[in-house]
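Inside the fold
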Amino acid sequence: MHHLGATRSSLKADHLLQTPDTFIRTPLPGAESVEFIVHVAPQLGARFTQMTAEFAASGTLGPAPAQRFLYVIEGELELTASGHKHVLAAGGFAYLPQGTQHAARSLGKARAALIEKPYTAEVGSAEPHTAAPQIVVGNEASIAPVPLMGDESLRVRSLMPDGPAYDFAVNTMTYDPGAALSMVEIHVMEHGLLMLEGGGIYKLGESWYPVEAGDFIWMAPYCPQWFGALGKRPAKYLIYKDWRRHPLGA
Ligand code: UGY
Ligand code: MN
């Protein structure tokens, strides 16, 4: 079935909306029985990569070239890191600092969001920290939701620790039907965003897009952004941002 060239996907200088009809799958070195959809990469101007990894039964990831964050969308992954074995089901996630030896294998078919970013050390503060980032393994369901700016209809769960050792954040944001960001945001941080549930309208730059579960969005630094949830069920997305680092790298 073709669509005569029509798609909701859109690439502009400061954002990408990538809808599932335009996804192209690729193998990557070191991985077995896993196909990757590379949603965003430095080739587009981003300073991180975000992919969806689609595992066949017993698929395995290759080594990470940088810090790695993974979030299980469906199925189960067995993660071995630091001599510990963890089974991550849907909503399970893990952060592996740069250089961490680890293995990730699917138990049956599975899908996971994969975010990788070269680590930026904290430098230049009056009292530089000495702690290195640590492995994190968790499940979204056990993280307390925090209302965004006091709005109970828009809840944020922070999956990464927020200490000076960590240079990015990954959150889920859940909007009740009709909930919306209270302002158009314009900020230095860039975003990778995967719609997990429901849908709504995303304003990106000067464009307005209907979006739904399965869509991916990249927002460049300073891309004007706003979201309002539509429909009869909550909308939820997983969102990455670079965090806690001076823009001059000092
Ligand atoms: O964390 C954020 O910047 C988030 N509020 N942005 C967004 O949802 N587009
Ligand atoms: Mn934002």
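**Some thoughts on the pairing of strand β18 (residues 235–242)**
With eight of eight residues buried, β18 lies mostly within the body of the structure. Sheet topology places strand β13 (residues 191–197) next to β18; six bridges connect them, and they run antiparallel. Within β18, the residue paired with L194 across the bridge is L238.

**So, the coordination of the manganese ion (ligand 2)**
The expected angle between donors at a tetrahedral four-coordinate metal is 109.5 degrees. At an octahedral six-coordinate metal it is 90 or 180 degrees. Donor atoms from the polypeptide that bind the manganese ion (ligand 2) are E185 (OE), H187 (NE2), H191 (NE2) and Q225 (OE1), placed at 2.1 to 2.3 Å. Counting residues between consecutive donors of the manganese ion (ligand 2) along the chain gives the motif E-x1-H-x3-H-x33-Q. Taken as a pair, E185 in the loop between β12 (168–175) and β13 and Q225 in strand β17 (residues 225–230) lie far apart in primary sequence, 40 residues in all. For Q225, a relative accessible area of 1% translates into the label buried.

**Overview of the pattern of salt bridges**
Considering all chains together, one arrives at 14 salt bridges under this definition. In this structure, E54 engages R25 in a salt bridge whose closest nitrogen and oxygen atoms are separated by 2.6 Å. Taken together, the residues E54 in strand β4 (residues 49–60) and R25 in the loop between β2 (15–18) and β3 (32–40) connect sequence positions 29 residues apart. Note that D242 and R47 form a salt bridge whose closest N and O atoms lie 3.4 Å from each other. Here D242, found in strand β18, pairs with R47, found in the loop between β3 and β4; they are 195 residues apart in sequence, far enough to count as distant. The class of D242 is buried, set by a relative accessible area of 14%. For R47, a relative accessible area of 48% translates into the label partly exposed. What emerges from the salt-bridge pattern is a single network uniting E140, E197, R233 and K236.

**With respect to the side chain of H39**
With respect to the helices, strands and loops of the structure, H39 is situated in strand β3. There is a polar contact of 2.7 Å between the side chain of H39 and the side chain of T52. Other than its neighbours up to four places away in sequence, H39 contacts L16, Q18, F23, Q50, M51, T52, L194 and F216.

**Regarding the site of ligand 1**
Near ligand 1, the surroundings consist of M173, Y175, L181, E185, H187, H191, Y202, Q225, Y237, I239 and K241. Within the side chain of Q225, an N or O atom sits 2.7 Å from a nitrogen atom of ligand 1. Here an oxygen atom of ligand 1 and a side-chain polar atom of Y237 are 2.6 Å apart. Burial of ligand 1 by the surrounding chains reaches 93%, relative to a free accessible area of 270 Å². Spatially, ligand 1 is embedded in the largest pocket. Going through the elements one at a time, β12 and β18 are the ones with two or more residues in the shell around ligand 1. A class-by-class count of the residues in the shell around ligand 1 yields six nonpolar, three polar and two charged.

**A look at the sheet that holds strand β14 (residues 199–204)**
Spatial strand order, β15-β14-β17: three strands in an open sheet with antiparallel pairing. Each edge of the open sheet carries a strand with a single partner, namely β15 (207–212) and β17. For this sheet, the mean angle separating the axes of adjacent strands, direction not counted, is 20°. Here β14 pairs with β15 via six bridges, running antiparallel. In the strand pairing of β15, K203 is matched with W208.

**Describing the environment of E76**
Tracing the backbone through its elements, the reader meets E76 in strand β5 (residues 67–81). Each C-alpha atom of the pair E76 and H187 lies 35 Å from the other, and the pair is 111 residues apart in sequence. The contact partners of E76, leaving out residues within four places of it in the chain, are V87, L88, A89, R105, S106, L107, K109 and A110.

**Here's the deal with the side chain of S106**
Assignment of secondary structure puts S106 in strand β8 (residues 102–117). Judged by relative accessible area, S106 falls into the buried class, the value being 0%. Only 3.2 Å separates the side chain of S106 from the backbone oxygen of G108, close enough to count as a polar contact. Other than its neighbours up to four places away in sequence, S106 contacts F55, A56, A57, S58, G59, E76 and L77.

Scoring rules and cut-offs
- Residues numbered from 1 in each chain as written.
- Chains lettered and ligands numbered in written order.
- Predicted model: local features only at pLDDT ≥ 70, side-chain atom pairs only at ≥ 80, totals over all residues.
- Heavy atoms only, no water.
- Buried < 20%, exposed > 50% of the residue type's maximum accessible area, 1.4 Å probe, protein only.
- Helix = DSSP H or I, 4+ residues; strand = E, 2+ residues; numbered from the N terminus.
- Pairing = 2+ DSSP bridges.
- Donors = N, O, S within 2.8 Å, 3.2 Å for Na, K, Ca; no water.
- Salt bridge = Lys/Arg side-chain N within 4 Å of Asp/Glu carboxyl O.
- Polar contact = N/O pair within 3.5 Å; in protein donor to acceptor, adjacent residues only side chain to side chain.
- Contact = heavy atoms within 4.5 Å.
- Near = heavy atom within 4 Å.
- Areas by Shrake-Rupley, 256 points an atom, 1.4 Å probe, with all protein chains shown as cover.
- 1 Å grid on protein atoms, 1.4 Å probe; cavity = no way out; pocket = protein on both sides within 12 Å on 5 of 7 lines; lining within 4 Å.
- Sits in = over half its atoms within 2 Å of the grid points.
- Nonpolar A, V, L, I, M, F, W, Y, C, P; charged D, E, K, R; others polar.
- Axes fitted to C-alpha atoms, helices over the stretch in contact; angles between N-to-C directions.

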